[in-house]
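Secondary and tertiary structure notes
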Amino acid sequence: MRTLIAYLSYSGNTEEVADLIKTKLKENNMQVDLHRIGIDAPIDPEKYDYLFIGTFTWDQGRTPDEVKDFILEVGYKPDNIAVFGTGDTQFGGDELFCGAVDKLTSFYHSNWNGLKIEQSPRGSQERLVDEWVEGVLQDAKIYA
Ligand SMILES: Cc1cc2nc3c(=O)[nH]c(=O)nc-3n(C[C@H](O)[C@H](O)[C@H](O)COP(=O)(O)O)c2cc1C
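Since we're looking at a predicted model, the values are computed, not measured.

The next thing to look at is the site of the ligand. Close to the ligand lie 20 residues; S9, S11, T14, T57 and T86 are nearest. One nitrogen or oxygen atom from the side chain of S9 is found 2.6 Å from an oxygen atom belonging to the ligand. Within the side chain of S11, an N or O atom sits 2.5 Å from an oxygen atom of the ligand. Protein coverage of the free-state accessible area of the ligand, which is 650 Å², stands at 80%. Elements that contribute at least two residues to the shell around the ligand include exactly α1 (13-27) and β4 (81-87). Taken together, the residues of the shell around the ligand break down into 7 nonpolar, 11 polar and 2 charged.

Below is the structure:
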């Protein structure tokens, strides 16, 4: 199966999550392409069996403009999108924590709960990433 991980990261946290997801997918024999939103050339979403979109949150729970542009670039709502992101509860507590993940998950009517990581995933949160990817893959194998 072919998967894409498209992500936006300024200070590296979301990129670290993307890298962990990539490692986990490869362990499961998935083919993985990484796409840096706002940097890399446009992608063809139809080439992929699964799309992972990653974003940080800022400005009171909002989605960064680059991610909104990427959504417009994709141009339709694929039914195979899983959303992940990083945030920081210091910016408004649970209500605003990873607000962009909630927004994208509901926009795409994603089949999976969004993965929310506080800052860097390194350490105890790595397990959360692994478990989340396993959940997505379980469905992927069922529907394959
Ligand atoms: C100005 C500013 C506003 C932020 N607002 C939020 C927010 O509303 N909710 C949230 O969960 N995190 C917020 N954050 C935290 C970032 O989303 C968090 O640091 C994230 O891990 C950064 O991702 P990156 O390292 O991939 O760039 C904010 C950070 C900055 C600098």
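We are not done yet, so read on.
A word on the environment of G123. Checked against the element boundaries, G123 lands in the loop between β5 (115-118) and α5 (126-143). Take G123: its relative accessible area is 46%, and that puts it in the partly exposed class. Counting along the chain gives 16 residues from G123 to F107, while the straight-line C-alpha distance between them is 30 Å.

Take the sheet that holds strand β1 (residues 2-7) next. Hydrogen bonds between backbone groups are what pair the strands of a sheet, and the pairing can be parallel or antiparallel. Strands sit in the order β2-β1-β3-β4-β5 across an open sheet of 5 strands; the sheet is parallel. Each of the sheet's edge strands pairs with one partner strand only, and the pair in question is β2 (31-36) and β5. On average, each strand axis in the sheet is inclined to that of its neighbour by 15°, with strand direction left out of account. Judged from the 4 bridges that link them, β4 and β5 form a sheet pairing that is parallel. If you follow F84 over to β5, its bridge partner there is L115.

The subject of this paragraph is the pattern of salt bridges. Inspection of the entire model under this criterion finds 7 salt bridges. K24 is the partner of E134 in a salt bridge, and the nearest nitrogen-oxygen pair spans 2.7 Å. Within this pair, whereas E134 is found in helix α5, its partner K24 is found in helix α1, the two being separated by 110 residues in sequence. Between K116 and D102 there is a salt bridge whose closest N-O contact spans 3.0 Å. Pair noted here: K116 is in strand β5 and D102 is in helix α4 (residues 99-107), with a separation of 14 residues, a long-range link. Among the residues examined, K116 registers a relative accessible area of 28% and is labelled partly exposed.

Attention now goes to α1. The end-to-end C-alpha distance of α1 is 22 Å, a good match for the 21 Å that 15 residues give at a rise of 1.5 Å each. Within α1, burial applies to N13, T14, V17, A18, L20, I21, K24 and L25. For α1, the angular spread of the buried residues around the axis is 165°, confining them to a single face. N29 sits one or two positions beyond α1 and adopts a positive phi of about 65°.

Reading guide: rules and limits
- Residues numbered from 1 in each chain as written.
- Predicted model: local features only at pLDDT ≥ 70, side-chain atom pairs only at ≥ 80, totals over all residues.
- Heavy atoms only, no water.
- Near = heavy atom within 4 Å.
- Polar contact = N/O pair within 3.5 Å; in protein donor to acceptor, adjacent residues only side chain to side chain.
- Areas by Shrake-Rupley, 256 points an atom, 1.4 Å probe, with all protein chains shown as cover.
- Helix = DSSP H or I, 4+ residues; strand = E, 2+ residues; numbered from the N terminus.
- Nonpolar A, V, L, I, M, F, W, Y, C, P; charged D, E, K, R; others polar.
- Buried < 20%, exposed > 50% of the residue type's maximum accessible area, 1.4 Å probe, protein only.
- Pairing = 2+ DSSP bridges.
- Axes fitted to C-alpha atoms, helices over the stretch in contact; angles between N-to-C directions.
- Salt bridge = Lys/Arg side-chain N within 4 Å of Asp/Glu carboxyl O.
- Expected span 1.5 Å × (residues − 1).
- Arc of directions from axis to C-beta.

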